[in-house]
Structure formats: structure tokens, C-alpha cells
Amino acid sequence: MDRITQLIQKLGIRSTYCGYHYLHYAMTLCLKDENYLLHIWKYLYRDVALHYGKSRSSVEHALRTVVAACWDHGNREFLHEIAGCRLEKCPTVGEFIEILFHRLETG
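Report on the accompanying structure. (Residues numbered from 1 in each chain as written. Predicted model: local features only at pLDDT ≥ 70, side-chain atom pairs only at ≥ 80, totals over all residues. Heavy atoms only, no water.)

Within this structure, the stated rule accounts for one cavity of 30 Å³ or more. Of the pockets and cavities examined, the largest cavity occupies roughly 30 Å³. Class assignment of the residues belonging to the lining of the largest cavity gives a composition of two nonpolar, three polar and one charged. (1 Å grid on protein atoms, 1.4 Å probe; cavity = no way out; pocket = protein on both sides within 12 Å on 5 of 7 lines; lining within 4 Å. Points joined across faces, edges and corners; volume = space filled by probe spheres on them. Nonpolar A, V, L, I, M, F, W, Y, C, P; charged D, E, K, R; others polar.)

Rendered as C-alpha cells:
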């Protein structure tokens, strides 16, 4: 099992969500080129959508769903830990991806 899969699963996000797969691929892209973090809508969603043959909007919606699922039903304590602080509210998709990115970058 790769590091991205381990991290996503430890957050309590199940592979039954479409967004699980989109998130995994998005993290793979971000780790190859961190400029994706600067252009989530313009490039990251676009490239994930192209990879899966979906629209940008459907990718965004699926990612919002998995972030909300993590927040509502997942391992929120682990999310706070990797964020480095207690989050007051559910992070945006961009914030969530950035939190995961930095965790993967630092090991």
C-alpha cells in the first residue's frame, strides 16, 4: 500500500467514494508538481477530470464530499494532528489537499 493510500485511509475516507480516487490522483499530481497547489480549480481539477473523463465540477463536488465525510465521520483527531492545530471548521478542498501534501512531503 502506498503512502497516499495509507494517509487517506487513516483519515477514515473509504474507497467507496468517487472522490477517494480523485483525491489519490490529485495528491499524486501535487507531489510531482507543487504548483498544482496554487491553481486548484484551473489545473488540478482539470487534470483530474481529464484523467477520469469527468467534468471539473463533478471532481470538485466529489472532493468536497470526501472532505466533508472525513470531517463528519472520519478520523478528525488525526486530521487536527497533521494540520498542526485544531481546526475550527471543515477545511476547504484546497486546505485539505495542502494539509495532506505537507504531511506527505515531511513524511
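All right, on to the environment of Thr106 then. By secondary structure assignment, the location of Thr106 is in helix 6 (residues 93–106). A sequence separation of 93 residues divides Thr106 from Ile13, and the C-alpha atoms of the two residues are 21 Å apart. Side-chain polar atoms of Thr106 contact the backbone oxygen of His102, separated by 2.9 Å. At 3.4 Å, the side chain of Thr106 and the backbone oxygen of Arg103 are in polar contact. (Helix = DSSP H or I, 4+ residues; strand = E, 2+ residues; numbered from the N terminus. Polar contact = N/O pair within 3.5 Å; in protein donor to acceptor, adjacent residues only side chain to side chain.)

Moving on to the packing of aromatic side chains. Counted by the stated rule, this structure contains three aromatic pairs. Between the aromatic rings of Tyr22 and Tyr52, the centroid separation amounts to 4.9 Å while the plane-to-plane angle is 55°, which identifies the pairing as tilted. Residue Tyr22 is found in helix 2 (residues 18–32), and its partner Tyr52 is found in helix 3 (residues 40–52); the two are separated by 30 residues along the sequence. For Tyr52, a relative accessible area of 32% puts it in the partly exposed group. Between Tyr25 and Tyr52, the aromatic rings sit 6.0 Å apart at their centres with planes inclined by 90°, giving edge-to-face as the arrangement. Residue Tyr25 is located in helix 2, and its partner Tyr52 is located in helix 3; the two are separated by 27 residues in the primary sequence. Assessed through its relative accessible area of 23%, Tyr25 is described here as partly exposed. (Phe/Tyr/Trp six-rings, centres within 6.5 Å; stacked < 30°, edge-to-face > 60°. Buried < 20%, exposed > 50% of the residue type's maximum accessible area, 1.4 Å probe, protein only.)

Here we come to the nonpolar core. In this structure, Leu11, Ile13, Leu23, Leu44, Leu79, Phe96 and Leu100 are the most contacted members of the largest nonpolar core, which totals 36 residues. Breaking this core down by element, the ones donating at least two residues are helix 1 (3–10), helix 2, helix 3, helix 4 (56–73), helix 5 (76–83) and helix 6. Discounting chain neighbours no more than four positions away, the residues touching Leu79 are Leu11, Cys70, Trp71, Leu87, Pro91, Phe96 and Ile99. (Core = buried A, V, L, I, M, F, W, Y, C linked by side-chain atoms within 4.5 Å. Contact = heavy atoms within 4.5 Å.)

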